[in-house]
Amino acid sequence: MFAQTALNSLDSYKLGHPDQYPAGTRQVVSNFTPRSITHLNVPREFKQKNKIIWFGALQLFLQELNHVWETTFFSRAWDEIDAEAQKLYPAFCGPNGYVTERLRKLWARGYLPIEIKALPEGSFVDVNVPVLTITNTSPDEYWLPNSLETWLSFDLWRSSTSATIAFVYRDILEAHAYNTGASK
């Protein structure tokens, strides 16, 4: 397993997206939307409800996000970041400097200019309803929400999936306990 760094946490193919946005784009809103529960190992009658428990462990993710970006990007010298980017990104973005120019501006800012809004942890949510959004708070970094979205989604779906399965199994166990005479 490789060490998580700011540069390898960005979704590489999305680094080319900023040039595909309409000229003058200043803000991008990305979201995390659970799209299906068909992969869950739960009874069919629950799958028909088509709901999940939103438990994203979001605070833990935000601490990790901040730690990774602070220690592997903002606290390092720009020359080190640029050299790493020049090794990492040309295979995806070509040798031109537009990606590193965006990163240089972000590095000079010194923090991730993003805002994340989420439903309350533990919410019972219909599938296809966004559980969180991520937005840039600086027009220069309109490219950042979509670049971070993959890491965010990858990290957060696991806890929500586990919480949903645990909820269903507890519901099943409580029903069987009640039907066999257990006290509440």
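These remarks concern the structure in this document. Here the structure is a predicted model, which means the values were calculated and not measured.

**A short note on unusual backbone geometry**
Phi angles above zero are rare outside glycine, and N50 is one such case at about 55 degrees. In this fold, N50 is placed in the loop between α2 (44–49) and β2 (51–54). On the basis of relative accessible area, N50 is assigned to the partly exposed category, the value being 33%. One non-glycine residue, N128, adopts positive backbone phi at about 75 degrees. Mapped onto the secondary structure, N128 falls in the loop between β4 (123–126) and β5 (132–136). For N128, a relative accessible area of 48% puts it in the partly exposed group.

**Regarding helix α7 (residues 144–179)**
Its 36 residues give α7 an end-to-end C-alpha distance of 52 Å, which sits within 8% of 52 Å, the value for a rise of 1.5 Å per residue. The sharpest bend along α7 measures roughly 30 degrees and falls at T150.

**Focus on the sheet that holds strand β1 (residues 29–32)**
Pairing is antiparallel in the open sheet, where three strands are placed in the order β1-β5-β3. Among the strands making up the open sheet, the edge pair consists of β1 and β3 (114–118). The mean inter-strand angle of the sheet, taken between neighbouring strand axes irrespective of direction, is 20 degrees. Of the strand pairs in this sheet, β3 and β5 are connected by five bridges, and their pairing is antiparallel. Directly across from K117, in β5, lies its bridge partner T133.

Definitions and cut-offs
Throughout this description, residue numbers start from 1 for each chain and increase along the sequence as written. The predicted nature of this model means local features are confined to residues of pLDDT at least 70 and side-chain atom pairs, given and counted, to a pLDDT of 80 or more, with totals for whole chains, interfaces and linings taken over all residues. Computation of side-chain values covers all heavy atoms of the structure but excludes hydrogens and water. Secondary structure elements are taken from DSSP: a helix is a run of H or I of four residues or more, a strand is a run of E of two residues or more, and numbering for both begins at the N terminus. Burial here depends on accessible area, computed with a 1.4 Å probe over protein chains only, as a share of the maximum for the residue type. Under 20% is buried, over 50% is exposed, and the range in between is partly exposed. Helix span, expected: 1.5 Å multiplied by one less than the number of residues in the helix. One axis is fitted to the seven residues ending at the residue and one to the seven starting there. The bend at that residue is the angle between these axes. When DSSP finds two or more bridges between two strands, those strands count as paired. Only C-alpha atoms enter the line fits that serve as axes; for helices the fit covers just the stretch in contact. Angles between N-to-C directions range over 0 to 180 degrees.

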